[in-house]
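In case you want the letters, here they are:
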Amino acid sequence: MKHADEYRDGRLARALAARIAGEADPAGSYHFMEFCGGHTHAISRYGIQDLLPANVRMIHGPGCPVCVLPVGRIDAAIRLAERPDVTLCTYGDLMRVPGSHGGSLLKAKAAGADIRMVYSTIDALRIAETEPERQVVFFAIGFETTTPPTALAIKIAAAKKLTNFTIFCNHVLTPSAIQNILESPDVRELGRVRIDGFIGPAHVSTVIGSEPYAFFAEEFEKPVVIAGFEPLDVMQAILMLVRQVNDGRCEVENQYTRAVKPGGNKRAKAEVAEIFELRKSFEWRGLGHVPYSGLRLKEAYAEFDAERRFAVAHIEAHDNPACECGAILRGVKAPADCKLFGTVCTPETPMGSCMVSSEGACAAHWTYGRFRDQARVAS
Amino acid sequence: MTLKAYKRKLDIKNGCVDLSHGSGGRAMTQLIADIFHEALDNAWLRRGNDQSAFEVIGGRMVMTTDGYVVSPIFFPGGDIGSLAVHGTINDIAMAGARPIYLSAGFIIEEGFALADLKRIADSMGEAARNAGVPIITGDTKVVERGKADGVFVTTTGVGVVPDGLDLSSEKARPGDRVILSGTIGDHGVAVMSKRQNLTFETDIVSDSAALHGLVAAMVEAGGTSLRVMRDPTRGGLAATLNELAHQSKVGFRIAEEAVPIKSEVAAACDLLGLDPLYVANEGKLVAVVAPDAAEEVLAAMRAHPLGHDAAVIGDVVADEHHFVQMTTAFGGGRIVDWLSGEQLPRIC
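Counting from 1, residues in each chain are numbered in the order their sequence is written. Chains and ligands are labelled by the order in which they are written, letters from A for the one and numbers from 1 for the other. A pLDDT threshold of at least 70 governs which residues receive local features in this predicted model, and a stricter bar of 80 or more applies before side-chain atom pairs are shown or counted, although totals over entire chains, interfaces and linings include all residues. In computing side-chain properties, one takes all heavy atoms of the structure into account and sets aside hydrogens as well as water.

Undergrad: Kindly report on the overall build of chain A, identifying the contributing residues and their values.
TA: Of the regular secondary structure elements, chain A holds 16 helices and 13 strands. Relative to the 2.2 N^0.38 estimate, which gives 21 Å for 379 residues, the radius of gyration of chain A is 21 Å and therefore close to what a compact globule would have. Dimensions of chain A, computed from the C-alpha atoms along their principal axes, are close to 65 × 50 × 45 Å. The buried share of chain A, taken over its 379 residues, is 61%. Only heavy atoms enter the contact rule, under which two residues are in contact if any of them lie within 4.5 Å. For chain A, long-range pairs separated by at least 24 residues make up 76% of all intrachain contacts whose partners lie at least 6 apart in sequence. For accessible areas, the Shrake-Rupley method is used with a probe of radius 1.4 Å. Any residue's cover is judged against the shown protein chains and nothing else. Per element, the accessible surface of chain A, about 15100 Å² overall, is 52% carbon and sulfur. Positive charge is attributed to Lys and Arg, negative charge to Asp and Glu, and no charge count is given to His or to the chain ends. Where a charge sits is defined by one atom per residue type, namely NZ (Lys), CZ (Arg), CG (Asp) or CD (Glu). Considering chain A, the positive charge centre built from 43 side chains and the negative charge centre built from 45 side chains are found 3 Å apart. Secondary structure is summarised from DSSP: a helix means a run of H or I of at least four residues, a strand means a run of E of at least two, and numbering begins at the N terminus for each. In this description the radius of gyration comes from C-alpha coordinates, and the expected globular size is given by 2.2 Å times residues to the power 0.38. The buried label goes to any residue with under 20% of its type's maximum accessible area, the exposed label to any with over 50%, and the partly exposed label to all in between, with areas taken from a 1.4 Å probe on protein chains only.

Undergrad: Could you give me a rundown of the domain arrangement of chain A, with the residues and numbers involved?
TA: Where the parts come together, the accessible area they lose is often given as the size of the interface. All names here are of chain A. An automatic or database domain assignment is the source of the domain bounds shown. Looking at chain A, the domain boundaries give domain 1 (5-64 + 175-254) and domain 2 (71-172 + 264-309). The straight-line distance from the C-alpha centre of domain 1 to that of domain 2 is 31 Å. With 16 residues of domain 1 in contact, the opposing surface of domain 2 contributes 14 residues. Once two parts are put together, the accessible area they lose, assessed with a 1.4 Å probe and summed over both, is termed the buried area. Buried surface at the junction of domain 1 and domain 2, both sides included, amounts to about 1100 Å², of which 69% is carbon and sulfur. One speaks of a salt bridge when a side-chain nitrogen belonging to Lys or Arg is within 4 Å of a carboxyl oxygen belonging to Asp or Glu. Scanning the region where domain 1 abuts domain 2 turns up zero salt bridges. In protein, a polar contact requires one atom able to donate a hydrogen and another able to accept it; more generally it is a pair of N or O atoms within 3.5 Å, and residues adjacent in sequence count only if both atoms are side-chain atoms. At the boundary of domain 1 with domain 2, the tally comes to four residue pairs in polar contact (both at pLDDT 80 or more). Where the side of domain 1 that touches domain 2 is concerned, the elements lending two or more residues are strand E2 (56-63), helix H8 (174-183) and helix H10 (203-208). Residue contributions to the side of domain 1 that touches domain 2 peak at six residues, all from H10. Of the residues that constitute the side of domain 1 that touches domain 2, the class distribution is nine nonpolar, seven polar and no charged. Three classes are used, and their members are as follows: Ala, Val, Leu, Ile, Met, Phe, Trp, Tyr, Cys and Pro are nonpolar, Asp, Glu, Lys and Arg are charged, and the others, Gly among them, are polar.

Undergrad: Explain the sheet that holds strand E1 (residues 61-68) of chain B to me, using residue names and the numbers behind them.
TA: Residue and element names in this part refer to chain B. Paired strands, in this sense, are two strands between which DSSP finds at least two bridges. Read from one edge of the open sheet, four strands run E1-E6-E4-E5, paired in mixed fashion. Every interior strand has two partners, whereas the edge strands, E1 and strand E5 (135-143), have only one. This sheet shows a mean twist of 15 degrees between the axes of neighbouring strands, independent of strand direction. Relative to E5, strand E4 (residues 98-109) is paired through eight bridges, and the arrangement is parallel. Counterpart to Gly105 in the pairing with E5 is Asp139. Where helix H3 (residues 80-93) meets the sheet, it contacts E1, E4, E5 and strand E6 (151-160), and its direction lies at approximately 150 degrees from that of E1. Working convention: axes come from line fits to C-alpha atoms, limited for helices to the stretch in contact. Angles between N-to-C directions cover 0 to 180 degrees.

Undergrad: I'd like a rundown of helix H8 (residues 263-272) of chain B, residues and numbers included.
TA: All names here are of chain B. Of the positions making up H8, those classed as buried are Val265, Ala266, Ala267, Ala268, Cys269 and Leu272. Here the buried face of H8 lies against helix H5 (186-192). Once H8 finishes, Gly273 follows within two positions and takes phi at roughly 70 degrees, a positive value.

Undergrad: Describe the pattern of salt bridges, with residues and values.
TA: All chains considered together, the criterion is met by 35 salt bridges over all chains. Arg230 of chain B serves as the salt-bridge partner of Glu243 of chain B, at 2.7 Å between the closest nitrogen and oxygen. Of this pair, Glu243 of chain B sits in helix H7 (residues 236-248) while Arg230 of chain B sits in strand E8 (residues 226-230), placing them 13 residues apart in sequence. Look at Glu243 of chain B and you get partly exposed, because its relative accessible area is 26%. Several salt bridges share partner residues, and in doing so they unite Asp114, Arg116, Glu131 and Arg134 of chain A into one network.

Undergrad: Any details on the environment of Phe112 of chain B? Residues and values, ideally.
TA: One can find Phe112 of chain B in the loop between E4 and helix H4 (114-131). The contacts of Phe112 of chain B, once residues within four sequence positions are left out, are Cys16, Val17, Ile73, Leu117, Ile120, Gly150 and Val151 of chain B.

Undergrad: Please give an account of the pairing of strand E1 (residues 30-36) of chain A that cites residues and values.
TA: All names here are of chain A. Burial within E1 is extensive, with seven of its seven residues counted as buried. Pairing of E1 with E2 involves six bridges; the strand directions are parallel. By the bridge assignment for E2, Met33 is matched with Ile59. Pairing of E1 with strand E7 (residues 197-200), which is carried by three bridges, proceeds in the parallel orientation. Looking at E7, one finds that Glu34 is bridged to Ile199.

Undergrad: Residue-level account of the environment of Met240 of chain A, with values.
TA: Residue and element names in this part refer to chain A. Relative to the assigned elements, Met240 resides in helix H12 (residues 231-247). With a relative accessible area of 18%, Met240 lands in the buried category. Between the C-alpha atoms of Met240 and Ile199, which are 41 residues apart in sequence, the distance is 9.8 Å. Residues within four places of Met240 in sequence aside, it is in contact with Val225, Glu253 and Gln255.

Undergrad: Quick rundown of the sheet that holds strand E4 (residues 115-117) of chain A? Include the residues and the values.
TA: Residue and element names in this part refer to chain A. Strand order in this open sheet of four strands is E4-E3-E5-E6, and the pairing throughout is parallel. A single partner strand is all that each edge strand has here, and the edge strands are E4 and strand E6 (165-171). On average, each strand axis in the sheet is inclined to that of its neighbour by 25 degrees, with strand direction left out of account. Relative to strand E5 (residues 135-142), strand E3 (residues 86-90) is paired through four bridges, and the arrangement is parallel. If you follow Thr87 over to E5, its bridge partner there is Val136. Taken strand by strand, helix H4 (residues 71-82) contacts E3, E4, E5 and E6, and its axis lies near 170 degrees from that of E6. Strand contacts of helix H7 (residues 147-159): E5 and E6, with the helix running at about 160 degrees to E6, the strand carrying the most contacts.

Undergrad: Please provide a residue-by-residue account of the nonpolar core, values included.
TA: Among the nonpolar cores identified, the biggest contains 75 residues, and Leu94, Leu105, Phe139 and Trp284 of chain A are the most heavily contacted of them. It is H4 of chain A that contributes the most residues to this core, seven residues altogether. Counting contributing residues, this core receives three or more from each of domain 1 (5-64 + 175-254) and domain 2 (71-172 + 264-309) of chain A. What Leu105 of chain A contacts, discounting residues up to four positions off in sequence, is Ala77, Ile78, Leu88, Thr90, Leu94, Met95, Ile115 and Phe139 of chain A. By nonpolar core is meant a set of buried Ala, Val, Leu, Ile, Met, Phe, Trp, Tyr and Cys residues that side-chain atoms within 4.5 Å join together. Counting 38 residues, the second-largest nonpolar core is a separate cluster that includes Val17, Val85, Met124 and Ala127 of chain B.

Undergrad: Describe the packing of aromatic side chains, and please don't skip the residues or the numbers.
TA: When two rings of Phe, Tyr or Trp (its six-membered ring) have centres within 6.5 Å they constitute a pair, described as stacked for plane angles under 30 degrees, edge-to-face for angles over 60, and tilted for the intermediate range. Per the stated rule, a full pass over the model turns up 13 aromatic pairs over all chains. For the pair Phe35 of chain A and Phe143 of chain A, a centre-to-centre distance of 5.8 Å together with 75 degrees between the ring planes defines the contact as edge-to-face. Taken as a pair, Phe35 of chain A in strand E1 and Phe143 of chain A in the loop between E5 and H7 lie far apart in primary sequence, 108 residues in all. The class of Phe143 of chain A is buried, set by a relative accessible area of 3%. Any Lys NZ or Arg CZ that is within 6 Å of a ring centre and within 35 degrees of that ring's normal is treated as a charge sitting over the ring. Geometry around Tyr46 of chain A places Arg45 of chain A over its ring, the cationic atom sitting 4.6 Å from the centre. The lysine or arginine in question, Arg119 of chain B, covers the ring of Phe74 of chain B, its NZ or CZ lying 3.7 Å from the ring centre.

Now the structure itself:
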């Protein structure tokens, strides 16, 4: 296996940092949002903020699929899993996401629900095949990166005529969320969040390509630089954004040319288009109901839709009122601004979803960055 | 005419453990004799008592116990049997002690293949012989199908601490050096590579090994300059350093570049979304050593086959928050926190 050391070279990082510091106008400041949790994780994991000048600030975006899942959907998944005939298959990150009343899939599992952690849709399909007496429900979540594998699983299930496999679909769309942020009062009218540009998604863009972002550059006049998830990718993207701002340009640039093509992955997009259709609206934690931001199965594949097969009702549920996940996901607040952060809300006992996934802004800040909030240890 | 009771031989090739093997009757005696005594043979077991007597050696003794439930039971570089021997020997050795005896308890699920049980017992016997630490007493229980997962092994060990030595987890002091005996993450990745739903192609093998020989060399070189030793098993290097930071009321400052890791392990961790700092090891140790003795201890470790990749990875610092901080190879800083939950692959 070849390793990615060349994208983590400290010497190159320092050279890039020097260029960013040299080109960033000391009289101004730069506020860039990294949309993706993968970038948030890289920034924290490699200490990238330490390498940036003080006037270049990164704002964490809502691009963590676990974090944006609303409480009601977790509650619905728990109810599904509690049915005696159902085996719920889920990615591990979702196990600890808090639902209402302190519930979680982890607690439901301990109480006897048949919930199994899987690493791919194929694992869930295999369980459906080997245990025909169980109703296997795959808890499908994620952005455009994880949607094609779910589409493929549906096609395989259809080809094999599996009658005991369904998905609980929570797939969401990146461009709708970015648009929602840019149109929010926080950004547009109140000016509470200043965003001078975006680091565009890495893996998502390998599927959808770079073209869908042109709208943001043109309509909202925000530069977008699509970047890979390695730390040098992120540093280079920041430099490219600084240059766009300095030049007064608003373009979509692609730093991640080794993987992202303008048109994306046509085969993957076709598979998704065949199986899924847009929901009129989907609820996001933090962003609320966002029009045309989520996917569901087309009528032709309705038999694989857990919501239809088990008549899953919409559950109206709310976050802990003191939890600032919503504001944090919109970039209005930073994790340390939340009263719960690090007190009652820690990765062991998460109150909000941002504290659960390693890509969540709170968990990343707690795990990798909280010493910046405290007095630095004397070296 | 004398009637000689017919005794059917254990069908090790095709047979499996049933409830009679735990019932206290002839079947249990046969299982113990043909599998465990055969594999672990020594003078103590041959006497056939429910306990074993041994002379008490003067000085301070240490005792430890550990349960082994690894899944899968057989993994590249070891199995639950060798792991149960190495792991308990290592817990003894981390006190700077010389392990002398082990015990072993087995909880076996009905239906477990006799061939697998024999393979595990043989592996334990070999590990114990190689380590020079005999298993002198044991126990076997069989539970109904579904009440266990194949086999669980518990081993207990006793050992003797050299005069004057008193290693303990509260003894790290600011200024002490932190030495790691070799590459991290090998065991966890080797085991994970064989998990049922996660099979991937890799040549990585577990580092499972008995460390008491390495420790003896370190004690000889460092003596009372050794403050604390711990083997970073579950939760990996990160958990061990956080535990020591809290118990000694200090902080650690670690340099990522100094932490040895095999490139295959780093790549596999990347693929699975794991941080190797949190991945288990079974043949590595972390030592906190007084600064003036660090070079000598390091040299002694590097001269030992289980320590040739040993490296100073950082220092103990004064820190009221007891943080483990790391300077990343990339040039930034980060906290190495406790692990929360199981470490699981990311989903996007």
